[in-house]
Each structure stands twice: as structure tokens, then as C-alpha cells.
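Chain residues, written in single-letter form:
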Amino acid sequence: QVQLVESGGDLVQPGGSLRLSCAASGFTFRAFTMSWYRQAPGKERELVATISSGLGTTNYADSVKGRFTISRDNAKNTVYLQMDSLKLEDTAVYYCNGQVRSMGINYWGQGTQVTVSS
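Residues numbered from 1 in each chain as written. Predicted model: local features only at pLDDT ≥ 70, side-chain atom pairs only at ≥ 80, totals over all residues. Heavy atoms only, no water.

Novice: Run through the overall build of the chain, naming residues and quoting values.
Specialist: Along its length, the chain carries zero helices and 11 strands. In the chain, the order of α-helices and β-strands from amino to carboxyl end is β-β-β-β-β-β-β-β-β-β-β. What you see for the chain is a C-alpha radius of gyration of 14 Å, in line with the 13 Å of a compact globule of 118 residues. When the 118 residues of the chain are sorted by exposure, 42% land in the buried category. When contacts within the chain are restricted to residue pairs at least 6 apart in sequence, those whose partners lie at least 24 apart make up 54%. As displayed, the chain has an accessible area near 6400 Å², and 46% of this comes from carbon and sulfur atoms. (Helix = DSSP H or I, 4+ residues; strand = E, 2+ residues; numbered from the N terminus. Rg over C-alpha atoms; globule rule 2.2 N^0.38 Å. Buried < 20%, exposed > 50% of the residue type's maximum accessible area, 1.4 Å probe, protein only. Contact = heavy atoms within 4.5 Å. Areas by Shrake-Rupley, 256 points an atom, 1.4 Å probe, with all protein chains shown as cover.)

See below:
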């Protein structure tokens, strides 16, 4: 059974930090491109960061470049999102995604809430 289980969401003040984790099971994690998406109330889901299989190449949305860092630990089947210098506009539900585009495989987690508020 495929599972992506996010954790680490919380209420944090502006300028603070959080680390999200996504534990994967039921598929060959190291072969998948892993991503974090987010969806704020009333907005569409948007891609935040991606890390490839193999070389672990990373890409980020312009809105989070220099503040967020995506990483993966293939031995633990886990992908992380380190979020620093958080802003009010980072408030959203954050979703973990695993994908093998060439095979049309796309898995989603259930999401974890991040709220940035003073």
C-alpha cells in the first residue's frame, strides 16, 4: 500500500522556521522525483520545491528561493522541507508528492497545515 505521510506542520511566527517531513512507503522511493506543493485558502495548489531521483537536483518556486530547502534521505524513504524566514504568505496546507512522470505515476500525501501568524 502506497503511503506518503507528512508531519511537522505548526503555528509559527513570521521569521521563524519549520521542518516538514514526508515518510514514504509502498513504492521504490529512490526512483521517484519528490516534491512539496502547497495550497492556501481560496488559491490553487502550487509547486514549492522538487528534488529529483538519482542526482538529487533541486528546483524551487521563486517565492521560496533562498528561504526553503528540500532534501531527501533515500535510506529512510523520507523527504524534507526546511522552511526558514517564514512569511505570512507561506500559510497553507503543504502536500508531499511522489512522481515518475514517464510512467504516469503520481502519489499524494494528505497534507500538513503550516500557519504563519503573529
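Novice: Before we move on, could you go through the packing of aromatic side chains and cite the residues and values that matter?
Specialist: Scanning the entire structure with this criterion turns up four aromatic pairs. Relative to phenylalanine 32, the ring of phenylalanine 27 has its centre 4.5 Å away and its plane inclined at 55 degrees; by these criteria the two rings are tilted. Of the two residues, phenylalanine 27 and phenylalanine 32, both sit in the buried class. Aromatic rings pair up to connect Phe27, Phe32 and Tyr107 into one cluster. Across from the ring centre of tyrosine 95, 3.7 Å away, lies the NZ or CZ of arginine 45, which sits over that ring. (Phe/Tyr/Trp six-rings, centres within 6.5 Å; stacked < 30°, edge-to-face > 60°. Lys NZ or Arg CZ within 6 Å of the ring centre and 35° of its normal.)

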